[in-house]
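# Inside the fold
Residue strings, one per chain:
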Amino acid sequence: MMRCDVLTLFPSMVESVLGTSMLSLAQEKGLLDVTVVDIRSFTHDRHRTADDRPYGGGAGMLLKPEPILEAVDSICATCPDVRIVMTSPRGRQFDQAYARNMCEDSRRLVFICGHYEGIDERVRMVMAAEGREVDEVSIGDYVLTGGELAALVMIDASVRLISGVLGDTDSVKEESFSSTLLEYAQYTRPVEFRSARVPDVLLSGHHGAIREWRHRSSLANTYARRPDLLEKKVLAHDDQLILADIQKKESSENLDSSRRLSS
Ligand code: ADE
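Residues numbered from 1 in each chain as written. Predicted model: local features only at pLDDT ≥ 70, side-chain atom pairs only at ≥ 80, totals over all residues. Heavy atoms only, no water.

Attention now goes to the packing of helix α9 (residues 207–225) against helix α11 (residues 237–262). As a packed pair, α9 and α11 sit with axes 10 Å apart at the nearest point and diverge in direction by 60°. On the basis of their axis angle, the class for α9 and α11 is oblique. As for the relative orientation of α9 and α11, their crossing is right-handed in sense. Two secondary-structure elements touch here, α9 through His215, Arg216, Leu219, Ala220 and Tyr223 and α11 through Asp239, Ile242, Leu243, Asp245, Ile246, Gln247, Lys249 and Glu250. Considering only residue class, the contact of α9 with α11 consists of 6 nonpolar, 2 polar and 5 charged. (Axes fitted to C-alpha atoms, helices over the stretch in contact; angles between N-to-C directions. Helix = DSSP H or I, 4+ residues; strand = E, 2+ residues; numbered from the N terminus. Parallel < 35°, antiparallel > 145°, perpendicular 65-115°, else oblique. Left-handed = near helix turned anticlockwise from the far one by under 90°. Contact = heavy atoms within 4.5 Å. Nonpolar A, V, L, I, M, F, W, Y, C, P; charged D, E, K, R; others polar.)

If you want it as structure tokens, here you go:
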């Protein structure tokens, strides 16, 4: 069971995703427990002000510290052992290892979704001074309008690793990044579509040959799309031979197409 709170200025945005598909099913199965907390409900003025202009000038608005810290305090009053995740484009990069680490963490995960230009620095400082574990995490090198989508991406990637969330545990085992190779090409019916056929080997029922074909397809996809993953990996001798063959085929295909262009 993964327990989290999502602190946000836009609860309905988070709730709509949590109420759909696998995330909703995980909650129904009792494998995920999420509470969406409206940061504005911890404001005390008539206008429910949760943001303000940055000292020193500059564009945009910052989230104020008081409502966020009050919201965190109210969670910790009943559950002191929390791990805080602040979404931010300046954070450490989220990846599959982080997703697994979150899913295996028995503590309550508290996501604080930044909005506008960010969050007053004292939110992080105060929580760290109180001895809470605080991570600032980014889901990639781009800037979103807010941290809600980032928090949902992290929750989704972690929840699907909990045993019982996906129907078939093999789908977690074989997929991209767990083995640092990208996934192989997949096909479903029909066998022929717009004159493109499913590779014969996949129709053969020959499990050994299918396994080999899929492994080659994984290597080819990784080489074509994420060669950096192959550079990090120590390849077995057999895989080095397969890769050399993929590279040879690719360079002869390039030669053929340049001949076609020049003829
Ligand atoms: N908020 C805005 N951009 C973000 C990003 N890339 N990751 C996490 N939170 C964000």
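Looking now at the nonpolar core. Formed by 33 residues in total, the largest nonpolar core has its most connected members in Leu32, Phe94, Phe111, Met154 and Ile155. Breaking this core down by element, the ones donating at least two residues are β1 (2–8), α1 (11–18), α2 (21–28), β2 (32–38), α4 (96–103), β6 (108–113) and α6 (148–159). Here this core takes 7 residues from α6, the largest share from any one element. Residues contacting phenylalanine 111, with those up to four places away along its chain left out, are Cys4, Asp5, Val6, Leu7, Val85, Met102, Ala151, Met154 and Ile155. (Core = buried A, V, L, I, M, F, W, Y, C linked by side-chain atoms within 4.5 Å. Buried < 20%, exposed > 50% of the residue type's maximum accessible area, 1.4 Å probe, protein only.)

A few words on the packing of aromatic side chains. Using the criterion set out here, one finds 2 aromatic pairs in the structure. Where phenylalanine 94 meets tyrosine 98, the ring centres are 5.8 Å apart and the plane angle is 70°; that geometry is what we call edge-to-face. Residue tyrosine 98 is classed as buried on the basis of its relative accessible area, which comes to 3%. Residues tyrosine 187 and tryptophan 213 carry aromatic rings whose centres are separated by 6.5 Å and whose planes lie at 55° to one another, so their mutual orientation is tilted. Taken together, the residues tyrosine 187 in the loop between α7 (170–173) and β8 (192–193) and tryptophan 213 in helix α9 connect sequence positions 26 residues apart. (Phe/Tyr/Trp six-rings, centres within 6.5 Å; stacked < 30°, edge-to-face > 60°.)

Another point: the state of the cysteines. Applying the stated criterion across every chain, the model contains 0 disulfides. In this structure cysteine 4 is not part of a disulfide, and its nearest cysteine sulfur, from cysteine 113, lies 11 Å away. Given the relative accessible area of 0%, cysteine 4 is considered buried. Considering cysteine sulfurs only, cysteine 4 is the nearest to cysteine 103, which forms no disulfide, with 11 Å between them. (Disulfide = S-S within 2.5 Å.)

Attention now goes to the packing of α1 against α6. Put simply, α1 and α6 touch, their axes get as near as 10 Å, and they point 25° apart. On the basis of the axis angle, α1 is roughly parallel to α6. Where α1 crosses over α6, the handedness of that crossing is right-handed. Two secondary-structure elements touch here, α1 through Met13, Val14, Val17 and Leu18 and α6 through Glu148, Leu149 and Leu152. In terms of residue class, the contact of α1 with α6 is made up of 6 nonpolar, no polar and 1 charged.

Functional significance is not addressed by these values, which are geometric in nature.
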